[in-house]
Amino acid sequence: MDRRALVGSLFGAGAALSYGVTVVIGRQLAKAHLPPADALGLRFGIAGVALVALLTVRRRPLLPAPGERVRVFLFGAAGYAVESAFFYSGLARGTAAAVTLLFYSYPAVVTVADLLITRTRPAPAVVLALALAAGGTGVIAGGSGHVDITGTGIAFSLAAAASFAAYLIAGDRLLSRTDSITIAAWTALGAAASLLTFAAGAGEVRVPAGRWWELLVYGTATASAFAFMFAALRRVGSQRTSVLLTLEAVFAIVLAAVFLGEGLGGAQAAGGGAVLVAAVIISLTPVRPRVGPVAEAP
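Residues numbered from 1 in each chain as written. Predicted model: local features only at pLDDT ≥ 70, side-chain atom pairs only at ≥ 80, totals over all residues. Heavy atoms only, no water.

Caption draft 1: Representation of the overall build of the chain. Helices and strands together make up the secondary structure of the chain, namely 11 helices and 0 strands. Secondary structure of the chain in N-to-C order comes out as α-α-α-α-α-α-α-α-α-α-α. Radius of gyration (C-alpha) of the chain: 18 Å, near the 19 Å computed for a compact globule of 298 residues. If one aligns the C-alpha atoms of the chain with their principal axes, the spans along those axes are about 50 × 50 × 30 Å. Counting across all 298 residues of the chain, residues that qualify as buried make up 53%. Here the analysis covers contacts within the chain between residues at least 6 apart in sequence; of these, 92% occur between residues at least 24 apart. Surface exposure of the chain reaches about 12300 Å², of which carbon and sulfur atoms provide 70%. (Helix = DSSP H or I, 4+ residues; strand = E, 2+ residues; numbered from the N terminus. Rg over C-alpha atoms; globule rule 2.2 N^0.38 Å. Buried < 20%, exposed > 50% of the residue type's maximum accessible area, 1.4 Å probe, protein only. Contact = heavy atoms within 4.5 Å. Areas by Shrake-Rupley, 256 points an atom, 1.4 Å probe, with all protein chains shown as cover.)

Next up, the structure:
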């Protein structure tokens, strides 16, 4: 593995750990019935401010590259806001383990989309991986035991997976000149703007006093996840980054077991294992060559 790929892999693992933390905090807030627009709007607002501060300290560009500014903002205001709302709604209706494992069907979605876009015939190993991902998802969704989730929660989790796959693919292809941390900052600010506008319109902007520390951790972990994820995207592309981010499932399940007392049943562990094995198989497929200039990331 060359140095660029190694650094990209470490960034991807850092993003996965950070996202694992956000899953546990999000589950806590959802169980406390904090509305999605409130929790997520404040989460992304805190993350955006933290990332702008990081840009200022490191003297990185505060604005996206000309021609990509509206695009970056909309990535957050429409793309990431929608995905995060689906995921948070899933957490309100299922355990952290169930929602996270269902969400991690998205590498298979990324692979299928990439095959359709490039009109490439899938290798036998990829077909096997897609079958494992589908079968594992079915086992998790249909299982019982410690991994509890409603039908609506399953739908929200899979919708989050599909929207995140689209977000990753679009980010890899449409944002080639803007610094990765600048992308992360404006994605967060865009998501915060749309979610808080919705919350204000619905008259739902309220945060219990005892939840502010959780929101601060939620926002800070999101900032680090965004920064690491976009840095990984620049170095190893959307397909490989999607696989590295499957480590989030491991981190989220361990953290949920420690802090929330949420465990895994045998059948669901097997289904989750199949999903993650599928992701590893997908990671072994050739990475699509990048096109165009790439801004250096930290």
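Past the structure itself, the notes keep going.
Caption draft 2: Geometry of the nonpolar core. Core analysis: the biggest nonpolar cluster contains 69 residues, and Tyr106, Phe164 and Met229 have the highest contact counts within it. Among the elements that make up this core, the one with the highest residue count is helix H9 (residues 212-244) (9 residues). Excluding residues that lie within four positions of it along the chain, Phe164 makes contacts with Tyr80, Glu83, Phe103, Tyr106, Met229 and Leu245. (Core = buried A, V, L, I, M, F, W, Y, C linked by side-chain atoms within 4.5 Å.)

Caption draft 3: Main features of the pattern of salt bridges. Taken as a whole and assessed by the stated rule, the structure comprises 4 salt bridges. Residues Arg27 and Glu262 are paired through a salt bridge, measuring 2.9 Å at the closest nitrogen-oxygen approach. One end of the pair, Arg27, is in helix H1 (residues 3-31); the other, Glu262, is in the loop between helix H10 (247-259) and helix H11 (266-283), and 235 residues separate them in sequence. The buried category is assigned to Arg27, whose relative accessible area is 11%. Judged by relative accessible area, Glu262 falls into the buried class, the value being 9%. (Salt bridge = Lys/Arg side-chain N within 4 Å of Asp/Glu carboxyl O.)

Caption draft 4: Expanded view of the packing of aromatic side chains. Summed over the entire model, instances satisfying the criterion amount to 11 aromatic pairs. Taking 4.7 Å as the distance between ring centres and 75 degrees as the angle between the ring planes, the aromatic pair formed by Tyr80 and Phe226 counts as edge-to-face. Of this pair, Tyr80 sits in helix H3 (residues 69-91) while Phe226 sits in helix H9; the two residues are 146 residues apart in sequence, bridging distant segments of the chain. Assigned by exposure class, Tyr80 and Phe226 land together as buried. Here the aromatic rings of Phe86 and Phe156 are separated by 6.2 Å at their centres, their planes lie at 35 degrees, and the arrangement is tilted. (Phe/Tyr/Trp six-rings, centres within 6.5 Å; stacked < 30°, edge-to-face > 60°.)

Caption draft 5: Geometry of H1. For H1, which comprises 29 residues, the first-to-last C-alpha distance of 42 Å matches the rise-based estimate of 42 Å (1.5 Å per residue) to within 8%. Directly beyond the C-terminal end of H1, a positive phi value near 65 degrees is found at His33. (Expected span 1.5 Å × (residues − 1).)

Caption draft 6: Region of interest: the environment of Ser9. Tracing the backbone shows Ser9 in helix H1. The class of Ser9 is buried, set by a relative accessible area of 17%. Sequence separation between Ser9 and Val236 is 227 residues; the distance between their C-alpha atoms is 7.6 Å.

Caption draft 7: Focus on the packing of helix H4 (residues 96-103) against helix H7 (residues 151-174). The N-to-C vectors of H4 and H7 enclose an angle of 40 degrees; their axes lie 8 Å apart at closest approach. In terms of orientation, H4 and H7 fall into the oblique class. For the element pair H4 and H7, the recorded crossing hand is right-handed. Between H4 and H7, the contacting residues are Val99, Leu102 and Phe103 on the first element and Ile154, Ser157, Leu158, Ala160, Ala161 and Phe164 on the second. Within the contact of H4 with H7, the residues separate by chemical class into 8 nonpolar, 1 polar and no charged. (Axes fitted to C-alpha atoms, helices over the stretch in contact; angles between N-to-C directions. Parallel < 35°, antiparallel > 145°, perpendicular 65-115°, else oblique. Left-handed = near helix turned anticlockwise from the far one by under 90°. Nonpolar A, V, L, I, M, F, W, Y, C, P; charged D, E, K, R; others polar.)

Caption draft 8: Region of interest: the confidence of the model for the chain. Per-residue confidence for the chain gives a mean pLDDT of 82, with 90% of residues at or over 70. Highest mean pLDDT in the chain belongs to helix H2 (residues 36-58) (93); lowest belongs to H11 (76). (pLDDT = per-residue confidence, 0-100.)

Caption draft 9: Just a nonpolar patch on the surface, in detail. A cluster of nonpolar residues, Leu247, Val250, Val254, Val258 and Phe259, forms a patch on the protein surface that exposes about 470 Å² of accessible area. Its place among the elements puts Val250 in helix H10. (Patch = residues over 30% accessible without salt bridge, like charges linked within 9 Å, V, L, I, M, F, W, Y side chains within 5 Å.)

Caption draft 10: Focus on the packing of H3 against H4. H4 packs onto H3 with a crossing angle of 145 degrees between their chain directions and a minimal axis gap of 9 Å. The segment H3 lies against H4, with Glu83, Phe87, Gly90 and Leu91 engaging Ala96, Val99, Thr100 and Phe103. Among the residues forming the contact of H3 with H4, the class breakdown is 5 nonpolar, 2 polar and 1 charged.

Caption draft 11: Representation of the environment of Val72 in the model. Tracing the backbone through its elements, the reader meets Val72 in helix H3. The class of Val72 is buried, set by a relative accessible area of 0%. Separated by 36 residues in the primary sequence, Val72 and Ala108 have C-alpha atoms spaced 25 Å apart. Not counting residues within four places of it along the chain, the set of residues in contact with Val72 comprises Pro64, Leu175, Ile183, Trp186 and Thr187.

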